[in-house]
Amino acid sequence: MSDIKTYIKENEERFLNELFELIRIPSISSSVEHKEDMLKCAKCWQKHLLAAGVDKAEIMPTDGNPVVYGEKIIDENLPVVLVYGHYDVMPVDPVSEWQSQPFEPEVRDGKIYARGADDDKGQSFIHAKAFEFLVKTNSLPCNVKFLLEGEEEISSPSLPEWCKKNKKMLQSDIIILSDTSMINQDTPSITCGLRGLAYLEVEVKSANRDLHSGLYGGAVANPINVLAKMIASLTDPQGCIKIKDFYKDVIKLNERERKDLNKAPFNLTEYKKDLNIEDVFGEEGYTTIERTGIRPTLDVCGIWGGYTGEGAKTVIPSTAYAKISMRLVPNQNHKTIAQLFQDHFKSIAPKYVKVKVKNLHGGQGYVTPIHSSGYRAASKALRDVYGKTPIPVRSGGSISIISAFDEILGIKSIMMGFGLPSDAIHSANENFPVYNFHKGIEAVTLFYKYFAELMK
Ligand SMILES: [Zn+2]
């Protein structure tokens, strides 16, 4: 059996040419102009999956862009790994900022430059090539299913419904994906948590019309003043949220878990310098990494009302508005939190104003236990390849489809990312180091081996 490093070396050029074929299709999901390219890209993936050795690969319709589904079932008694990726990409404007054409991949200084080079064509192709090696060398230790969607960059509107319909077909022991980044070139990490979100808009109304601030000022409540006071009362000076039961479902991490999280390289001085701030602000007793990773937040994203034009206009406005975002941690239910907020906000409104609260958007948080077989297999694989135990990372952001997989399919996801923070995803000159592409293939190959062993 040839080893994976030799296999990569022998096939280096072919791997790149195949990936370039995918990259050359401008599969921008947010634009209707590219509708045909979506199908073209799905077909290209189907071809590559079949060539890599799946038993079957199908293009399946959804309410939006099609899903590519492929599988290789070698033995029903073996564990099943579901690989997730997306073939759609972000728009490329402004094209003038690109050093080379966004859909004409070019390798410069060891990096592939193109839209989708990292996110997520390059990263998901890692899985196709690791799978190919295991099939060709007859050493695949698991059953494998592939799911590639074409709407990730527009928040996967059709995938949850499609998953509900195909629940049985998607049954697996673990989902693995590469659509996140590692800390840096030599520091591997596994994203094991994402925050949820509850997003609301509030309206505070006083009189039925804007009033003269001289004639009415002092006698009728100003809704902007009232809203500002109401918002100020939602948190204490340390940033702790004062809504009853807000923290009730927050799971406290144990000392070991906190210690592991804080192993991630982080320099507070650099952080402050980068943002040009004298000091950071946040909940007492938590580090900056913890404040963004494992603690919930409440922030005003926008506030408006009254006169904001040039010069002075002496007016007491009738209405004031604000948009409020709460980032949640796993186990906090976004619907419960939205309701708690709504009840609380109405309860603190003084009699002289009327309050409306509108729910705009919500999503569940997500966490993978670091003692699970999937996490341990990924950790061992990355350790073998990089010579360092990967750092578990709790990302402050949200990926809605990962929590949907958990809710609908009951399957946990392992986010084994090989991108770098400098890959400029979603921006001009997106790139992906060929080195990371190759290391990724090595690591994913080992993941299967360790996962099969741990599941025995
Ligand atoms: Zn992506």
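Just so it is clear, the model here is predicted, and its values are computed rather than measured. (Residues numbered from 1 in each chain as written. Predicted model: local features only at pLDDT ≥ 70, side-chain atom pairs only at ≥ 80, totals over all residues.)

1. Things to note about the overall build of the protein chain
Let me state the cut-off plainly: Secondary structure elements follow DSSP: runs of H or I no shorter than four residues count as helices, runs of E no shorter than two count as strands, and numbering proceeds from the N terminus. Atoms counted for the radius of gyration: C-alpha only. Globule rule: 2.2 Å times the number of residues to the power 0.38. Backbone-placed C-beta atoms define the burial measure: a residue is buried with 20 or more other C-beta atoms within 10 Å of its own, exposed with 12 or fewer, and partly exposed in between. Two residues qualify as a contact pair if the distance between their C-beta atoms, derived from the backbone, is within 7 Å.
What the protein chain contains, in helices and strands, is 13 helices and 18 strands. For the protein chain, the C-alpha radius of gyration of 25 Å lies close to 23 Å, the compact-globule estimate for 456 residues. Considering the protein chain as a whole, with its 456 residues, one finds that 44% of them fall into the buried category. Considering only contacts within the protein chain whose residues lie at least 6 apart along the sequence, 78% involve residues at least 24 apart.

2. A closer look at the packing of helix 3 (residues 121-136) against helix 13 (residues 434-455)
Which entries qualify depends on this criterion: Convention adopted: a line fitted to C-alpha atoms gives each axis, helices being fitted over their contacting stretch, and angles between N-to-C directions are expressed from 0 to 180 degrees. Under this scheme an angle from 65 to 115 degrees is roughly perpendicular, one under 35 degrees roughly parallel, and one over 145 degrees roughly antiparallel; angles in between are oblique. Crossing handedness: left-handed means the near helix sits turned counterclockwise from the far one by under a right angle, and right-handed means the same turn made clockwise. Any residue outside Ala, Val, Leu, Ile, Met, Phe, Trp, Tyr, Cys, Pro, Asp, Glu, Lys and Arg is labelled polar, Gly included; the first ten of those are nonpolar and the last four are charged.
Direction vectors running N to C along helix 3 and helix 13 enclose 55°, while the axes themselves pass 8 Å from each other. Viewed along their axes, helix 3 and helix 13 adopt a mutual orientation that is oblique. Handedness of the helix 3/helix 13 crossing: right-handed. Note on element contacts: helix 13 touches helix 3 through Phe437, Gly440, Ile441, Val444, Thr445 and Tyr448, opposite Gly122, Ile126, His127, Lys129, Ala130, Phe133 and Leu134. Split by residue class, the contact of helix 3 with helix 13 holds eight nonpolar, four polar and one charged.

3. Description of the domain arrangement of the protein chain
Inclusion rule: Reported domain spans reflect what an automatic or database domain assignment gives.
Its domain assignment divides the protein chain into domain 1 (4-194 + 365-455) and domain 2 (196-247 + 296-362). Each of domain 1 and domain 2 has a C-alpha centre, and these two points are 41 Å apart. Between domain 1 and domain 2, the contact holds seven residues from the first and seven residues from the second. Residue composition of the side of domain 1 that touches domain 2, grouped by class: two nonpolar, five polar and no charged.

4. Digging into the packing of helix 1 (residues 4-23) against helix 3
Running from amino to carboxyl end, helix 1 crosses helix 3 at an angle of 135°, the nearest separation of the two axes being 10 Å. Considering the angle they form, helix 1 stands oblique to helix 3. Seen from above, helix 1 lies across helix 3 with right-handed handedness. Between helix 1, through Ile4, Tyr7, Phe15, Leu19, Leu22 and Ile23, and helix 3, the contact on the second element is made entirely by Lys121, Gly122, Phe125, Lys129 and Phe133.

5. What about unusual backbone geometry?
Residue Asp93 is joined to Pro94 through a cis peptide bond whose omega torsion reads -5°. Examined against the element boundaries, Pro94 turns out to sit in the loop between strand 3 (80-86) and strand 4 (106-108). The omega angle of the peptide bond from Asp119 to Asp120 is 0°, so this bond is cis rather than trans. Structurally, Asp120 can be placed in the loop between strand 5 (111-113) and helix 3. We note that Ala424 has phi near 55°; this positive angle belongs to a residue other than glycine. Positionally, Ala424 belongs in the loop between strand 17 (413-415) and strand 18 (431-433). Positive phi, close to 60°, is recorded for Asn429, a residue that is not glycine. Within the element layout of this structure, Asn429 appears in the loop between strand 17 and strand 18. Given 17 C-beta atoms within 10 Å, Asn429 falls into the partly exposed group.

6. A word on the environment of Gly116
With respect to the element layout, Gly116 can be found in the loop between strand 5 and helix 3. You can call Gly116 buried: it has 33 C-beta atoms within 10 Å. Along the sequence, Gly116 and Tyr307 sit 191 residues apart, while their C-alpha atoms lie 44 Å from each other. When near neighbours in sequence (up to four residues on either side) are disregarded, Gly116 contacts Ile23, Val89 and Lys121.

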